[in-house]
Amino acid sequence: MGGSDADPHYGEAEEASGMAIRLSPGTTAEHTIDIKVELYRSVLWSLAASGLARAMGRHNAGQGGILSFHRIYRPKPQEFGFQALSVAPDSFRRVVQTLIDRDYCFLTMSALAERLRNPEPPPGKFVCLTFDDGFVDNYSEAFAICRELGVPMAVYLVSGFVRREFPMWGIGLEEAIVANDALEFTWEGKELKLDARTMSRKRQAYLTVASLLVLAQPRNIERLCAELGARYGIDFMALSDRNALTPAMIREMHASGLVEFGAHSVRHAYLSRLEDSEARWEITQSKRDCETLIGAEIRHFAYPYGDSGSVGTREAAICRELGFLTAVTTESNTIFPSDRDRLLNLPRLTYNGYFQNTPLLDLLLSGTLPRLRRGLRG
Ligand SMILES: [Zn+2]
C-alpha cells in the first residue's frame, strides 16, 4: 500500500490478486470491497478452470517463488485491517503440504541468494516462505506448522513493534473504531470526525485513517496514537504485548535453525517519504535491533509496504552498503535466473487472505497472476 497505489489494508493486499482493491472517495467501503472480492474470487476460479495457469506456467513460472504472508490467523469480522493479511492456520498448512507433495524445495533466504548466484543451480522448483511484521501468530501458528512439517521460514521484524517502542497502529485504530460511534482526532492541524455507527461505516472510517497513516511520517503516527490512546482509553503497548512476537519467542525460533530473521524497519515507515538520514536510520537501526535480539548477523531486509512507490534506488543502496544479502519488495513475480542481478529488489508472491479458498497458490507460482497484472498495466 502506498502512494497513489495506497492500499488501506495495512499491507499489500492488491498484490495477491493482481488487481487493486481500493476505494475512491465517497464510495461505500463495505460494498466496494465485498463486490470486488467476490468478483476476483470468481475470476481466479475461472482462470484456474481454463487451464491458463498451466499454459502460462511454461514461460512465467521461473525457478520458483518467494511467498509472502503476514498473519496465520482467523480474523474476527470487525478486524477490518487484517482480512487480507490473515491466512487461516488450516489454509496455511494446506499450502505447505501441497508444496511438499509437489516436491518443492523449501529455501531460506540465504539459500536462495546462494542458489541465484550459482550458475548451475540444482533442478526442480523452490519456494521461500516469508512473514512480515512479526505478529505473535508467526510463532504460535506458522512456526508450529513449519516445525512439524520440517520446512524453513523467514520472518521480517519491525523492531519498534517487538521492542514495544512504536505502536502497532492498525490494531489500536481498529479497537477505537469498533468501540465508538464516531472517531474524532486531529490531523495536520484539523479536527476530523468520522461516523462509525454501523459496521460498514466503521470499516470505511478505518480505511480512511489507515490510508493517511500508511504514508505519514512516523512521528505523526505516534502523535495520533497518543491522542487516540488518551481519548478512547486504548493502551497501544498492551496491544503490542498481545499481538507482537516476544524476544523469548524470537530466540526460540532462531535457535530451532528453521527460522531466519530479517529486518523490516523500526517503525514500518514508508521509506521513500523520509529524509535521507531518517530512511538510513530506519534500515540501519532495525538491523542492529534485530541483531541484538537474536545475537547473530541479520542479512535480509523487507521494504515496508514494498510497492514501487515506497522503495527505490536510495533504499537499495543503503541495503547494499549495510551488507544485506537480499531485500524483498512486494512487486509480484516469480523468480528467474536474471534475478541474481537484483538480490536487493526481489519480487514476491503475496498470499492474500481474501483469496485463500481459491486456486491462488497455482495462479501465483505459475506466474499467471503476476503476468496478467503486468499485462493489465500495459
Ligand atoms: Zn510490513
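All figures in this text were calculated on a predicted structure; none of them were measured in a lab. (Residues numbered from 1 in each chain as written. Predicted model: local features only at pLDDT ≥ 70, side-chain atom pairs only at ≥ 80, totals over all residues.)

### Considering the domain arrangement of the protein chain
Logical step 1: Domain boundaries in the protein chain define domain 1 (3-164 + 260-376) and domain 2 (169-237).
Logical step 2: Centre-to-centre separation of domain 1 and domain 2, based on C-alpha positions: 26 Å. (Domains from an automatic or database assignment.)

### Some details on unusual backbone geometry
Logical step 1: One non-glycine residue with positive phi stands out, namely glutamate 188, at about 50 degrees.
Logical step 2: Counting through the fold element by element, glutamate 188 comes out in the loop between β7 (182-187) and β8 (190-195).
Logical step 3: You will see that histidine 268, though not glycine, has its phi angle at about 50 degrees, which is positive.
Logical step 4: Positionally, histidine 268 belongs in the loop between β9 (259-263) and α13 (276-294).
Logical step 5: Given 27 C-beta atoms within 10 Å, histidine 268 falls into the buried group. (Helix = DSSP H or I, 4+ residues; strand = E, 2+ residues; numbered from the N terminus. Buried ≥ 20, exposed ≤ 12 C-beta atoms within 10 Å, placed from the backbone.)

### Looking at the nonpolar core
Logical step 1: Counting residues in each nonpolar core, the largest one holds 107 residues, and the members touching the most others are Cys128, Leu129, Met153 and Ala327.
Logical step 2: Among the elements that line this core, the one with the most residues is helix α9 (residues 199-215), at seven residues.
Logical step 3: The residue makeup of this core includes at least three contributed by each of domain 1 (3-164 + 260-376) and domain 2 (169-237).
Logical step 4: When neighbours within four sequence positions are excluded, alanine 327 is seen to be in contact with Phe301, Ala302, Tyr303, Ala316, Cys319, Leu344, Asn345 and Leu346. (Core = buried A, V, L, I, M, F, W, Y, C linked by C-beta atoms within 7 Å. Contact = placed C-beta atoms within 7 Å.)

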